[in-house]
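These are the residues of each chain, in order.
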Amino acid sequence: MSKPVPRPGILDIAAYVPGKEHAPGVARVYKLSSNETPLGASPKAIEAFREAAGHLERYPDGQAIELREAIAAVHGLNPANIMCGNGSDELLGLLCHVYLSPGDEGIITEHGFLVYKIQIMGAGATPVVVKETDHTVDVDAILAAVTDKTKIVFIANPGNPTGTYIPVSEVRRLQAGLPKHVVLVLDAAYAEYVRRNDYESGIEVVSSNANVVMTRTFSKVYGLAALRVGWMYAPAEIIDAVNRVRGPFNMNTPAIAAGAAAIRDQAFVQKATSFNQMWIEKVTGALETIGLKVTPSVTNFVLIHFPDVEGKRAADADDYLTSRGYILRAVRSYGFPNSLRMSIGPEEANHGVIEALGEFMGRPA
């Protein structure tokens, strides 16, 4: 060979493409494509970040003890069962690295987070995609797809970009139906936003089973997306296995400090979730009033479906909104070619999108 060649399968992976950020020629741009919180980070987290900047010559704590203990205190967990990472994305990748080999299979759902497929393929395994029902994870479909090659199952609960969820009873039924050696990964990135009595992020299921992992993030309600802070709660044996391949300093000191301060400031979290709940209801109602279909969401975003009519499709709406400074997320790669995902943003942005889409549909809100 005349040049380095990646191992088989790597070049078959479609690279992850983040939501767009720019609207050329527009003076004021509202980025509503990445599910970022409009309230930003807790002032206490910002102050902790600034204090950490005074000691940048020192290596970070490789065990992220301060952050793990803060998470444990807030959620009532044992710090020994918590691992922190450079965003939950890193932890998802480490789980695939540890539990998948070429020839193995990993199950994902048709509208699931694209990183699952990327990490499964990156480990040399085969992704098996199962159908969802009404844009919601279908436990029976997952169980029917299990073979002797299945080693890991990923579900986002709530889902992204759908915003739907399955109740904890269904999560328990899924776990009970899986072979005991199959790792069930519950990605609960949007758990803090859910206000449903039958929802549980996964803590209870992890605590009572040896093959379940829950992952969480600080990028959404905590407003620390720039710092890449994620964590997982898992059985001791899984923590031990993943720790053997985790980078020794996979988190930086400012991220550890800001994360610990952010999770302790639950009053700020309550403020963010209350703002979101008010606006998710207002946005959904307004968009339905102007004739658009919206998938019911328990998160901080809505999935908007457009009519299959010339000039009124999602791509047309995307161009129309972008020209006015409102950037939403096209979700064709998630199996929704005629839909856009809108993050709940600041008040003026939410009003602006509603007004613009009313004009676009010819039915002013």
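What counts and what doesn't
Residues numbered from 1 in each chain as written. Predicted model: local features only at pLDDT ≥ 70, side-chain atom pairs only at ≥ 80, totals over all residues. Heavy atoms only, no water. Phe/Tyr/Trp six-rings, centres within 6.5 Å; stacked < 30°, edge-to-face > 60°. Lys NZ or Arg CZ within 6 Å of the ring centre and 35° of its normal. UniProt positions renumbered as here; feature names shortened; annotations may be inferred. Helix = DSSP H or I, 4+ residues; strand = E, 2+ residues; numbered from the N terminus. Salt bridge = Lys/Arg side-chain N within 4 Å of Asp/Glu carboxyl O. Buried < 20%, exposed > 50% of the residue type's maximum accessible area, 1.4 Å probe, protein only. Pairing = 2+ DSSP bridges. Axes fitted to C-alpha atoms, helices over the stretch in contact; angles between N-to-C directions. Contact = heavy atoms within 4.5 Å. Right-handed = clockwise from strand over helix to strand, strands pointing away. Parallel < 35°, antiparallel > 145°, perpendicular 65-115°, else oblique. Nonpolar A, V, L, I, M, F, W, Y, C, P; charged D, E, K, R; others polar.

Draft legend 1. Region of the structure containing the packing of aromatic side chains. The full count for this structure, using the stated rule, is ten aromatic pairs. Grouped by ring-pair contacts, the aromatic residues Y16, F113, Y116 and F154 constitute a single cluster. Geometry around Y30 places R28 over its ring, the cationic atom sitting 4.1 Å from the centre. Lying across the ring of Y320, R324 places its NZ or CZ 3.5 Å from the centre.

Draft legend 2. Here's a closer look at the UniProt feature "domain: Aminotransferase class I/classII large" (unreviewed entry) in the protein. Annotation from UniProt places "domain: Aminotransferase class I/classII large" (unreviewed entry) at residues 29-357. Split by type, residues 29-357 is 39% helix and 17% strand. Its first and last C-alpha atoms lie 16 Å apart.

Draft legend 3. Expanded view of the pattern of salt bridges. Taken as a whole, this structure holds twelve salt bridges when the rule is applied. In this structure, the salt-bridge partner of R244 is D240, at a minimum N-O distance of 3.0 Å. As a salt-bridge pair, E310 and R313 come within 3.2 Å of each other at their nearest N and O atoms. The class for E310 is exposed, based on a relative accessible area of 68%. R313 sits in the partly exposed class, given a relative accessible area of 28%. A single salt-bridge network, built from bridges that share partners, covers D140, E170 and R173.

Draft legend 4. The arrangement of the sheet that holds strand 8 (residues 229-233) in detail. Taken in spatial order, the seven strands line up as 2-8-7-6-5-3-4 in an open sheet, and their pairing is mixed. With partners counted over all chains shown, the strands left at the sheet margins are strand 2 (82-86) and strand 4 (126-130), one partner each. For this sheet the average axis-to-axis angle between neighbouring strands, irrespective of direction, equals 25 degrees. Strand direction decides the pairing type here: strand 7 (residues 212-217) and strand 8, joined by four bridges, are antiparallel. In the strand pairing of strand 8, R216 is matched with W231. Packing against the sheet, helix 8 (residues 236-243) makes contact with strand 2, strand 7 and strand 8, and its axis sits at approximately 35 degrees to strand 2.

Draft legend 5. Region of the structure containing the environment of E47. One can find E47 in helix 1 (residues 43-52). With 210 residues separating them along the chain, E47 and A257 place their C-alpha atoms 9.3 Å apart.

Draft legend 6. Representation of the pairing of strand 5 (residues 150-156) in the model. Strand 5 sits mainly inside the fold: six of its seven residues count as buried. Taken together, the three bridges between strand 3 (residues 105-109) and strand 5 define a ladder with parallel strand orientation. The residue bridging I107 from the neighbouring strand is V153, located in strand 5. One ladder, built from five bridges, connects strand 5 with strand 6 (residues 183-187); its direction is parallel. Note on strand 6: the bridge partner recorded for I152 is V183. In this view, the connection linking strand 5 to its parallel neighbour strand 6 by way of helix 6 (residues 168-177) has right-handed handedness.

Draft legend 7. Expanded view of the sheet that holds strand 12 (residues 329-330). Read across the open sheet, the four strands follow the order 9-10-13-12; overall the sheet is antiparallel. What marks the edges here is a single partner per strand, and that holds for strand 9 (293-295) and strand 12. Judged from the five bridges that link them, strand 10 (residues 301-305) and strand 13 (residues 339-343) form a sheet pairing that is antiparallel. By the bridge assignment for strand 13, I304 is matched with L340. Packed onto the sheet, helix 11 (residues 314-322) meets strand 12 and strand 13 and runs at close to 40 degrees relative to strand 13.

Draft legend 8. Quick peek at the packing of helix 3 (residues 87-99) against helix 8. At a closest axis distance of 9 Å, the pairing of helix 3 and helix 8 adopts a crossing angle of 90 degrees. The orientation of helix 3 with respect to helix 8, classified from their angle, is roughly perpendicular. Residues L94, L95, V98 and Y99 of helix 3 touch helix 8, and the partners they reach there are E237, I238, A241 and V242. A breakdown of the residues in the contact of helix 3 with helix 8 according to their chemical character gives seven nonpolar, no polar and one charged.

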